[in-house]
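Coordinate inspection notes
The chain contents come next:
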Amino acid sequence: MLVFILRRLYQTLIVVLGVVVLISFLLAIIPGDVARMRAPKGSSEEVLENIRKKFYLDKPFLTRLGIYIKNILKLDLGESFTYKRSVWSIIRESLPWSVKLALVAEVIIVIFGILAGVISAVSRYSFWDVLVTISTSVLVAMPIYWIGRLMQLFFAQWLGWFPNSGAPPPGSGFWSGLSYYVMPATALAAISTAYVARLARSSMLEVMRQDYIQTARAKGLSNRRVTYKHALRNGLIPVVTYLGIDFGVLIGAAVLTEMIFNWPGVGHKLYFAVIQRDHTMVLGLVFVLVIIVVFINLLVDISYAFLDPRIRLGESPEVT
Amino acid sequence: MTNGKDTLLEVRNLRTWFHTQEGVVRAVDGVSFAIARGEALAVVGESGCGKTVTALSVMNLVPSPPGRIEEGEIVFEGRNLLEMNDREMRQVRGNNIGMIFQDPMTSLNPVFTIGSQIREAIQVHLGLNRREAKRRAVELLEMVEIPQAERRYKMYPHEFSGGMRQRAMIAMALSCEPKLLIADEPSTALDVTIQAQIMELIARLRQEIGLAVMLITHDLGVVAGVAETVLVMYAGKVVEYADIDRVYYNSRHPYAWSLMRSVPRLDEKKDRLLTIGGSPPSLINLPPGCSFSPRCPFAEEICFQEEPPLVEAESGHLSACHFAGDFEKHGQGVKS
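Let us look at the structure shown here. (Residues numbered from 1 in each chain as written. Chains lettered and ligands numbered in written order. Predicted model: local features only at pLDDT ≥ 70, side-chain atom pairs only at ≥ 80, totals over all residues.)

1. Some words on the overall build of chain A
What chain A contains, in helices and strands, is 14 helices and 2 strands. Based on the C-alpha atoms only, the size of chain A along its principal axes is roughly 85 × 55 × 35 Å. In chain A, which comprises 320 residues, the proportion classed as buried is 33%. Long-range pairs, those at least 24 residues apart, make up 72% of the contacts in chain A with a sequence separation of at least 6. (Helix = DSSP H or I, 4+ residues; strand = E, 2+ residues; numbered from the N terminus. Buried ≥ 20, exposed ≤ 12 C-beta atoms within 10 Å, placed from the backbone. Contact = placed C-beta atoms within 7 Å.)

Right, here's the structure in full:
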C-alpha cells in the first residue's frame, strides 16, 4: 500500500509540473501587451519598461518559466496586479468558500445520486425507476446558469425561502448560514447527481447479473444482504471513481455557479483574473486547483484500492 | 431413484418455463426424480437441455422474470419448497442444500476475502460468533485440502487458482453441513487433472459426511466415479432414468445409448467415435412427437407423430422411447 501511494505521489508531481508549464505557455502566447494593460492609460514607454522588468516580461519565456517555478518552490505565487496583493492571500480568502460549497454539493450528490440509482436498480421498471430515469434525463439536459436562475426566481424571489445570492455574512448562525448554501450547492450538484444516479443504476444492474450474486443467494442470504453487501460494494467502484474526480471539478469549475450566486470562491476570482489578463492570478489559482484535483484523485485511487482488493497488488482488475 | 430408501428430495412433474419475447421457452417440462439420503444422482444432457434450470428450480433461484415455475412439487424432507415463503426458503438454501457452480472464477465475490465469504453462511445459519465461525471456516478449508488454510483464509479470490477457488466454493457450500449438495458442472471450467481432483474430493466428502449429491454434467466421463443413478435429460424432459450400470451397459433410449457411444474409452478399441448428428431442438417450437426423433438413428413413423411417455422399460429403469424394449433390434442395419 505504501509503495502504491509513493508511486502515485511521484506521478502527481509530474502532472503538476506539466500543468504549470502548459498554463504559462498558454498565457505567453496570448497576443497583447500585458504591460500596457497594467499601466495607467497614456503611460510613457519608460513606465512600461519598468513594469516589464518588474514582472520579468522582458526575459525570454523559458527564463520566466524558470523564475516562476523557482518561486513556486519557495511557495511564492507572486502578486496580483488587480488586487495589488499576494495571490496567496487571495486564495486563502476564496478557496475555503469554494471547498465548503463543493463539500455541500458532494453530500447532495452522494445522498441523492446513489440512493436514486440503487432504488432504481433494485426495483427495476417500477414507478420509482421510471421517475428516476426521466428526472435524471431532464436534469442532465439543464445547464447550471438556467437551473440557477430558475431557483433564484422560485425560491428566493417568489417563495423567499433562501437568500438570493452571496455567502453567509460573518456571524450568521449554522442554520441561517446553511440557507445561503442550499441553492448554489444544489445547482452545482444537479448535473452530477443525475449522472451519479444513472451510473449507480447501470453499475448495480451489471453487478446483479454476476455469478457471485447467485452464489450469495445460494448461501441463503437475504435479498437485502445480497443487494447492500455483495452487490453495492462492487457496484460502487465506478461511482466512487467518478465522485472523486468530480469533486475536483466541483471546486475548480464552479465558475458559472459562483458567478450566478455571487459566491466569493475561487471560480469567481478566476473569472475576473482571466478577463483582466491578471497572469499571476490565473497561474496561481490554476496551480492551486490542479494540486487539489490531483490530490483528490490520489485519495480516490487509494479508496479504490480499499474497495477493490485486486488493485492493491498493482494488477489490473480481471475481466470477469 | 430411491428404491424404498429414505427419500431426501423428490421432484414431481416440475415445469419451469421462461416467458421471452420470442415465446415461451419450456426449459424444464414435466421432470420428476428423487434422491435418497446419501445418494448421488447425475443429471446428464447437452447444453440447454434444462439441467441447470432444474437445479436452480430446486433452490428456487430461477431468474424471475422471465423464468417461472409453472407447475410441480419439490419435496425436501417432507416439505414442498415451492410453498415456502422467502424466509423459510432462505433457511433451506445454504443450510440444508448447498450449491456450487460451473465457473469458480466468477462465482466468488472479488471484493471479499475467501474466509469472510465462507464465514458469512456459517454466521447466518448456525448463529456462531465471528471467532467460532472463523475456526469452522479454517477447518472447512482444511477439509477441502487447501494447504495453509489459516493463511489462505485471509486471501482474496484473485489470489487463488481455479481449482482452489472451486475447493473454496465446495467448502462454502458444505459449511452448514447440508444434506444435499447440488454441483452444477463443478469441473467443466477446470483443467483435466484438476477436474479429477475435484470429483475425487466430492466423492470423498460424500463418504465422510454422508452427503447426497445432485451432480449436473454434460460429461459422462465424470459420472461413473461419483454417481449411482443417472437422469438423462433431453429438450427439457427426462428421457432415461436408471442406475448407472444399466444406463451405461443396457441403455433403453437411443439418445442415452448414442451418448454412451460417443465417450472415448481406453478399454475398447474403436476407430471412430459415434457422433449425434444435428443439434437439440428449439425449446420454443418443439417438433411434434418425440423431441429426439429428428436426430434419432432408429426413428420410425410413430416417433414423428406421438410423444413417447416415460415408462418403466424394466423394473427400476425408466425410458421415454416407443421402442424402449428393443430399439437396437428394431433399428437393424444402423451400425454404431
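2. Quick word on the overall build of chain B
For chain B, the helix and strand inventory stands at 11 helices and 12 strands. Relative to the compact-globule value of 20 Å for 336 residues, chain B shows a C-alpha radius of gyration of 21 Å, a close match. Residues counted as buried form 48% of the 336 residues belonging to chain B. (Rg over C-alpha atoms; globule rule 2.2 N^0.38 Å.)

3. Notes on unusual backbone geometry
Residue and element names in this part refer to chain B. Phi angles above zero are rare outside glycine, and Glu-145 is one such case at about 65°. Position of Glu-145 relative to the elements: it lies in the loop between α4 (130-143) and α5 (149-152). Phi at Glu-185 is positive, roughly 45°, even though this residue is not glycine. Positionally, Glu-185 belongs in the loop between β7 (180-184) and α7 (192-209).

4. Observations concerning the environment of Phe-33 of chain B
All names here are of chain B. Relative to the elements of secondary structure, Phe-33 occurs in strand β2 (residues 23-36). With 21 C-beta atoms counted inside 10 Å, the residue Phe-33 sits in the buried group. Not counting the four nearest positions on each side in its chain, Phe-33 is found in contact with Val-11, Leu-41, Leu-231, Val-238 and Tyr-241.

5. Remarks on the interface of chain A and chain B
Of the residues lining the interface, 21 residues belong to chain A; the matching set on chain B comes to 23 residues. Broken down by secondary-structure element, the contributors of at least two residues to the side of chain A that touches chain B are α9 (211-218), α10 (223-252) and α14 (309-312) of chain A. Looking at the side of chain A that touches chain B, the element that brings in the most residues is α9 of chain A, giving 7 residues. Its residues placed into classes, the side of chain A that touches chain B shows 6 nonpolar, 8 polar and 7 charged. (Nonpolar A, V, L, I, M, F, W, Y, C, P; charged D, E, K, R; others polar.)

6. Focus: the packing of helix α5 (residues 87-122) of chain A against α10 of chain A
Residue and element names in this part refer to chain A. Remark: α5 packs on α10, axes separated minimally by 10 Å, with the N-to-C direction vectors making an angle of 150°. The angle between α5 and α10 places the two elements in the roughly antiparallel class. Every pair of crossing elements has a handedness; the one defined by α5 and α10 is right-handed. The residues of α10 that touch α5, namely those facing Ser-98, Val-99, Ala-102, Ala-105, Glu-106, Ile-109, Val-110, Ile-114, Val-118 and Val-122, are Thr-227, Leu-232, Val-239, Leu-243, Phe-247, Leu-250 and Ile-251. Looking at the contact of α5 with α10, its residues break down into 14 nonpolar, 2 polar and 1 charged. (Axes fitted to C-alpha atoms, helices over the stretch in contact; angles between N-to-C directions. Parallel < 35°, antiparallel > 145°, perpendicular 65-115°, else oblique. Left-handed = near helix turned anticlockwise from the far one by under 90°.)

7. Overview of the packing of α5 of chain A against helix α8 (residues 174-208) of chain A
All names here are of chain A. One way to put it is that α5 packs onto α8 with a least axis distance of 6 Å and a crossing angle of 35°. The chirality of how α5 crosses α8 is right-handed. Residues that form the contact of α5 with α8 fall into these classes: 22 nonpolar, 6 polar and 2 charged.

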